[in-house]
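Single-letter residue listing:
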Amino acid sequence: MIGENVNRLLVVIAVALSSLAQAQPTLTPHPIEVLTRGVSKAQLEALQNEYRRVLIGQVTMPTNRAILQAVVDLKRQDCAASDDCLKKLAVLGGSLYAMHVSGTQDPGGNAVMVARVVRDDGKPMIGPVTQKELKKGSETIDATMMRGLSKLLTGMKFSELPMSRDGKPPIDTPPVAVVDAGVVVKPSEPVDAGVVFTPPPPPPLEASPLKSVGTVTLIAGGSVGLLGGVLFGIGKAQASGLEIRDGAVRSDQASSAAVANTLQGVGMSALAVGGTAAAAGLVMMLIAPDEPKKVTASVAPVPGGSMVLVGGEW
């Protein structure tokens, strides 16, 4: 029952994510190119993170790993000027569109950000769009670029991009992972505009309880039998030290005799119960089925020994 509820919840989440993905165009962003000096590796990485953060919620992108792999497989460095370069990037990224963003610094120290979007058939869709951001005081160029990048991307109206070419889903493009606020769902079958979703796998079958019940019964029975043996041994040793005359013990040893008899009786009963339970547990372990079965087992003392009750499907 719990597994079914979890499965239904995952399906609901999947449908919700799929609906969100269908409302966004699929796009592979080329890593931002900063064409000026004075920007460190850490500052460039911060710009890349801002680049992706602003895009999330506006477009559906491949994972970071998939984007980097697409750039490696692209084997080109002319996407700043070549629409054919971005066309190939879109195909390698499994998306309908690809985008390039560059940042430069003008003589006045201001940031100039330029972006454009190309479809996977080579058709330019947006731009080039230019955003000039004025430098504030003595701030560094990367801070100015960060502000200009955010304004540039939020004003590009990605929501107006068609979800497919000519009203039909893109062809000859591999499925792309759906990304929503950092949550990635591995794809398998196309849904719309190259966005795909794999339904969650069915919950694994639970193992048959017969083997585990048998194991517990075997261990418990062995423990009870061991305790019984110890008690019987103590009672036997105590009885051997009694002095018996004419079939009776001395009056001063009557109390010790009663304890010895009690220990031996309890020990024998525990031995019988424990031995029977251990044997039943061993049998259950040996006949445990491969498929899940509902099995119950119990051990109860009866006059002269004990009784093991096992019920359910075998």
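Everything quoted here is computed from the prediction, not taken from an experiment. (Residues numbered from 1 in each chain as written. Predicted model: local features only at pLDDT ≥ 70, side-chain atom pairs only at ≥ 80, totals over all residues. Heavy atoms only, no water.)

In this section: the overall build of the protein chain. A tally of regular secondary structure across the protein chain gives 7 helices and 13 strands. Sorting the 314 residues of the protein chain into buried and exposed places 35% on the buried side. The long-range fraction of contacts in the protein chain, counting pairs at least 24 apart against all pairs at least 6 apart in sequence, stands at 62%. Within the structure as shown, the protein chain displays about 17,600 Å² of accessible surface, and the carbon and sulfur contribution to it stands at 60%. (Helix = DSSP H or I, 4+ residues; strand = E, 2+ residues; numbered from the N terminus. Buried < 20%, exposed > 50% of the residue type's maximum accessible area, 1.4 Å probe, protein only. Contact = heavy atoms within 4.5 Å. Areas by Shrake-Rupley, 256 points an atom, 1.4 Å probe, with all protein chains shown as cover.)

Applying the stated criterion to the full structure yields 1 disulfide. The residue that forms a disulfide with Cys79 is Cys85, at a sulfur-sulfur distance of 1.9 Å. Across the S-S bond linking Cys79 and Cys85, the dihedral sits near -70°, which makes this disulfide left-handed. Overall, Cys79 belongs to the buried group, its relative accessible area being 1%. (Disulfide = S-S within 2.5 Å.)

In the structure shown here, the tally under the stated rule is 10 salt bridges. A salt bridge links Asp84 to Arg76; its shortest N-O distance comes to 2.7 Å. The partly exposed category is assigned to Asp84, whose relative accessible area is 40%. Judged by relative accessible area, Arg76 falls into the partly exposed class, the value being 25%. A salt bridge links Arg119 to Asp121; its shortest N-O distance comes to 2.7 Å. Residue classification places Arg119 among the buried residues on the basis of a relative accessible area of 8%. Several salt bridges share partner residues, and in doing so they unite Glu133, Glu139, Arg147 and Lys151 into one network. (Salt bridge = Lys/Arg side-chain N within 4 Å of Asp/Glu carboxyl O.)

What follows covers a nonpolar patch on the surface. A grouping of Leu282, Val283, Leu286 and Ile287 is seen on the molecular surface, where their side chains present a nonpolar patch of about 380 Å² in accessible area. The topology assignment puts Leu286 in helix α7 (residues 254-286). (Patch = residues over 30% accessible without salt bridge, like charges linked within 9 Å, V, L, I, M, F, W, Y side chains within 5 Å.)

Let us now look at the packing of helix α3 (residues 64-74) against helix α4 (residues 83-93). In contact at an axis separation of 9 Å, α3 and α4 are set at 130° when each is read in the N-to-C sense. The angle between α3 and α4 falls in the class oblique. For the crossing formed where α3 meets α4, the hand is right-handed. For the pair α3 and α4, the contacting residues are Ala70, Val71, Asp73 and Leu74 in the first and Cys85, Lys88, Leu89, Leu92 and Gly93 in the second. Across the contact of α3 with α4, the residue classes break down as 6 nonpolar, 1 polar and 2 charged. (Axes fitted to C-alpha atoms, helices over the stretch in contact; angles between N-to-C directions. Parallel < 35°, antiparallel > 145°, perpendicular 65-115°, else oblique. Left-handed = near helix turned anticlockwise from the far one by under 90°. Nonpolar A, V, L, I, M, F, W, Y, C, P; charged D, E, K, R; others polar.)

Ranked by internal contacts, the top residues of the largest apolar core, which has 26 residues, are Met99, Val101, Val117, Leu153, Met156 and Phe158. Mapped onto this core, the elements with two or more residues apiece are α2 (41-55), β3 (97-105), β4 (111-119) and α5 (141-154). Among the elements that take part in this core, α5 stands out by supplying 5 residues, more than any other. Those residues in contact with Val117 that sit more than four places away from it in its chain are Leu27, Tyr97, Ala98, Met99, Lys123, Pro124, Met125, Ile126, Met156, Phe158 and Leu161. (Core = buried A, V, L, I, M, F, W, Y, C linked by side-chain atoms within 4.5 Å.)

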